[in-house]
Amino acid sequence: MENNKKNTSKSTNNPMRWIVGYLLIILIGVAAYIYVDYRINPLQYYTSYGSGEDNFLSSEYARAIKLNYLYDHHEDYDAVIFGGSKAGSVDTTLLTEYSGQRYYNLHANCGNFADYLRYTEFIVNSCPNIKEIMICLSSFETIKYDRSNDGTVLGVPAIVSGSETKRAAEFVKFLVSDMATLRRSLHMAKSLENYGLKEGELLKDGVRMRTRLLVKELVDPVPYADRILASTESDLKSFFNLGCETSQAKNRQSNIEAMRQIKTLCDQNGVTLKLVFGASFVNERSRFECPSYYNYMTELVNIVGEAWDFSDYNSVNMNPYNFANKTHYSLATGDEMIRTMYGEGTVDDFGVYLTPDKMPDYTAKRQADFNHYKEVFETTGTLPYGTMEDTGYLPFESAHYYQGEILETAQIAADELKAQKEALELETEDPDEEA
């Protein structure tokens, strides 16, 4: 009996056994945390690594998600689109129908020329099958040349470096994300469930779907157009004061130099470079438009040799119904840009084909239009905005990307919402009103 007590005492007091047990508990805890981390998919980073998801939110780490996916599947594509969040409304499936080339939309929030240069280097070095780069500018690139230090989701993905070691380290880093990131990712994941429709972007094409807004537009587009116009007076006062004349000079020059390098890289590697100035609602222009901006456009066109411009004063840009919000054009507007570039546009004044010799006349007209609308605003306090009855109106639901199952499902959801709204109005109606 005494021997048994001694053995029990020895095993209980064995420090090595306690250390091993403690380490096992830690390892199990870490393994469980890593598993949960991978399943929650912080910032949706693992979407491109086969996490079981085929869509992700544009507000998450889209740069890494898309570049990792493109690196692993670049043989499936012939061309890519660079741009900020606005370029998400350029439908790759429609571009493919017109051009015969397989496009991937590599847009990401807060697009900037430092990224466009990095991505060009990545494309020519790591994706040899891709022979065309289309840069769809939002004009906001003049606000800041490089945003890579402005937060995790705006950082430079490890894949851009070309180092598999850095890519592996980045993979591991996200496996031990902090709790705040995990909580945020859980919250964002719930927002993907929307009327049974996918929200955000599909991994296979990178186009920004905006299905939540599609349903709301089908219910009633008027409130959203009204919201876009809500700050008209302050927007236009700021716009017509030309506040960006000198404040963005350094950024514009850095962008121009980056474009020169991009053009050189493309020419050296047999890659076609295309330049597009995307649609721009008139109320958002206070942050970039000024005479120096016209010189900046001229420099970019001179470097590339040609461009399509959809950012001037035209009936599409004067119509709030063509925009998802004040700073983003709709997929239907993106479609009209594509159709216009291929000679099948339906809005006569939308889209100008630019070459270096056309820039003097173009910039003179744009300045004259600016002066005209400034006078109109100073006289009337507003501008002649378009409506749903105008020829420049492009219905949100007409977008090529929505046709078929997406639109059918969205229409069912919209009809249900309308019925609920009507039932609520009937319940709250005054019974004595009709009498």
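Coordinates for the structure precede this section.
Residues numbered from 1 in each chain as written. Predicted model: local features only at pLDDT ≥ 70, side-chain atom pairs only at ≥ 80, totals over all residues. Heavy atoms only, no water.

Trainee: Quick question: what am I supposed to make of a nonpolar patch on the surface here?
Mentor: A grouping of Met16, Ile19, Val20, Tyr22, Leu23, Leu24, Ile26, Leu27 and Ile28 is seen on the molecular surface, where their side chains present a nonpolar patch of about 910 Å² in accessible area. Relative to the elements of secondary structure, Ile28 occurs in helix 2 (residues 15-40). Given a relative accessible area of 59%, Ile28 falls into the exposed group. (Patch = residues over 30% accessible without salt bridge, like charges linked within 9 Å, V, L, I, M, F, W, Y side chains within 5 Å. Areas by Shrake-Rupley, 256 points an atom, 1.4 Å probe, with all protein chains shown as cover. Salt bridge = Lys/Arg side-chain N within 4 Å of Asp/Glu carboxyl O. Helix = DSSP H or I, 4+ residues; strand = E, 2+ residues; numbered from the N terminus. Buried < 20%, exposed > 50% of the residue type's maximum accessible area, 1.4 Å probe, protein only.)

Trainee: How do you make sense of the pairing of strand 6 (residues 272-277) when you look at a structure like this?
Mentor: Regular strands place their side chains on alternate faces of the sheet. Taken together, the six bridges between strand 4 (residues 132-137) and strand 6 define a ladder with parallel strand orientation. Across the sheet, Cys136 pairs through a bridge with Val276, a residue of strand 6. Pairing of strand 6 with strand 7 (residues 307-309), which is carried by two bridges, proceeds in the parallel orientation. Pairing of Phe277 across the sheet is with Asp309, part of strand 7. (Pairing = 2+ DSSP bridges.)

Trainee: Whenever I open this one, the pattern of salt bridges confuses me. Can you help?
Mentor: Oppositely charged side chains can form a pair if their charged atoms are brought close together. Applying the stated criterion to the full structure yields 22 salt bridges. Glu132 is paired through a salt bridge with Lys274; the nearest N and O atoms lie 3.6 Å apart. One end of the pair, Glu132, is in strand 4; the other, Lys274, is in strand 6, with 142 residues separating them in the sequence. Taking the shortest distance from any N to any O, the salt bridge between Asp309 and Arg366 comes out at 3.9 Å. Taken together, the positions of Asp309 in strand 7 and Arg366 in helix 14 (residues 359-380) put the pair 57 residues apart, joining distant regions of the chain. A single network of salt bridges, built from pairs that share partners, joins Arg63, Asp115, Arg118 and Asp146.

Trainee: Would you explain the environment of Ser58 in this entry?
Mentor: Relative to the assigned elements, Ser58 resides in the loop between strand 1 (55-56) and helix 3 (62-73). With relative accessibility at 5%, the residue Ser58 sits in the buried group. The contact partners of Ser58, leaving out residues within four places of it in the chain, are His107, Asn109, Glu201 and Arg208. Within the local environment of Ser58, its side chain forms a polar contact with the side chain of Glu201, the two groups lying 2.5 Å apart. (Contact = heavy atoms within 4.5 Å. Polar contact = N/O pair within 3.5 Å; in protein donor to acceptor, adjacent residues only side chain to side chain.)

Trainee: What exactly am I supposed to notice about the packing of helix 11 (residues 249-268) against helix 12 (residues 291-304) here?
Mentor: Relative orientation and spacing of two packed helices are given, respectively, by the angle between their axes and the distance between those axes. Running from N to C, helix 11 and helix 12 point in directions that differ by 10°, and their axes come no closer than 9 Å. In terms of orientation, helix 11 and helix 12 fall into the roughly parallel class. Together, Arg252, Asn255, Ile256, Met259, Arg260 and Lys263 of helix 11 and Ser292, Tyr293, Tyr296, Glu299, Leu300, Ile303 and Val304 of helix 12 make up the contact between the two elements. Of the residues assigned to the contact of helix 11 with helix 12, the class counts are seven nonpolar, two polar and four charged. (Axes fitted to C-alpha atoms, helices over the stretch in contact; angles between N-to-C directions. Parallel < 35°, antiparallel > 145°, perpendicular 65-115°, else oblique. Nonpolar A, V, L, I, M, F, W, Y, C, P; charged D, E, K, R; others polar.)

Trainee: What am I meant to see in the side chain of Asp235 here?
Mentor: For Asp235, the position within the fold is in helix 10 (residues 232-239). The class for Asp235 is buried, based on a relative accessible area of 11%. Within the structure, the side chain of Asp235 is placed 2.8 Å from the side chain of Ser231, a separation counted as a polar contact. Those residues in contact with Asp235 that lie beyond four places of it in its chain are Asn283, Ser286 and Lys326.

Trainee: Please explain the nonpolar core as it appears in this structure.
Mentor: Side chains of a nonpolar character, in soluble globular proteins, are inclined to be buried together. Of all hydrophobic cores here, the largest spans 106 residues; its most connected members are Leu70 and Ile135. Top element by residues in this core is helix 12. It accounts for eight residues. Counting residues in each nonpolar core, the second largest holds seven residues, with Leu43, Tyr45, Tyr46 and Leu175 among its members. (Core = buried A, V, L, I, M, F, W, Y, C linked by side-chain atoms within 4.5 Å.)

Trainee: Which parts of the structure should I look at to understand the pairing of strand 4?
Mentor: Counting buried positions along strand 4 gives six out of six residues, so the element sits mostly inside the fold. Of the two faces of strand 4, the one lined by Glu132, Met134 and Cys136 and the one lined by Ile133, Ile135 and Leu137 are each fully buried. As paired strands, strand 2 (residues 79-83) and strand 4 are joined by five bridges and run parallel to one another. Across the sheet, residue Ile81 finds its bridge partner in strand 4, namely Met134.

Trainee: Please explain helix 3 as it appears in this structure.
Mentor: Along an α-helix, residues three or four apart share an orientation, since each turn contains 3.6 residues. Taking 1.5 Å of rise per residue, the twelve residues of helix 3 would be expected to cover 16 Å, and the 16 Å separating its terminal C-alpha atoms lies within 8% of that figure. Taken as a whole, helix 3 has its buried residues at Ala62, Arg63, Ala64, Ile65, Lys66, Leu67, Asn68, Tyr69 and Leu70. Looking at the buried positions of helix 3, the neighbouring elements they touch are strand 1, strand 2, strand 3 (103-105), helix 5 (113-126), helix 6 (164-175) and strand 5 (201-202). (Expected span 1.5 Å × (residues − 1).)

Trainee: Looking at this structure, how should I read the packing of aromatic side chains?
Mentor: For any two aromatic rings, the description comes down to two numbers: the centre-to-centre distance and the angle of the planes. If you walk through the whole model with that rule in mind, you get 22 aromatic pairs. Considering the side-chain rings of Tyr293 and Tyr296, the 5.5 Å spacing of their centres and the 45° angle between planes classify their relative orientation as tilted. Here Tyr293 pairs with Tyr296, and both are found in helix 12, just three residues apart, close to one helical turn. Classification of Tyr296 by relative accessible area gives buried; the value is 3%. Taking the centre distance of 5.6 Å and the plane angle of 55° together, the rings of Trp308 and Tyr353 count as tilted. Here Trp308, found in strand 7, pairs with Tyr353, found in strand 10 (residues 352-354); they are 45 residues apart in sequence, far enough to count as distant. On the basis of relative accessible area, Tyr353 is assigned to the partly exposed category, the value being 32%. In textbook terms, an aromatic cluster arises when at least three aromatic residues are bridged by ring pairs, as seen for Phe82, Phe113, Tyr116 and Tyr119. (Phe/Tyr/Trp six-rings, centres within 6.5 Å; stacked < 30°, edge-to-face > 60°.)

Trainee: Where do I start with the sheet that holds strand 4 in this structure?
Mentor: Sheets are built from strands paired through backbone hydrogen bonds, the pairs being either parallel or antiparallel. As summarised here, the arrangement of the six strands in space is 3-2-4-6-7-10, forming an open sheet in which the pairing is mixed. This sheet does not close on itself; its edge strands, each paired only once, are strand 3 and strand 10. Ignoring strand direction, the axes of neighbouring strands in this sheet form an average angle of 20°. Across three bridges, the pairing between strand 7 and strand 10 is antiparallel.

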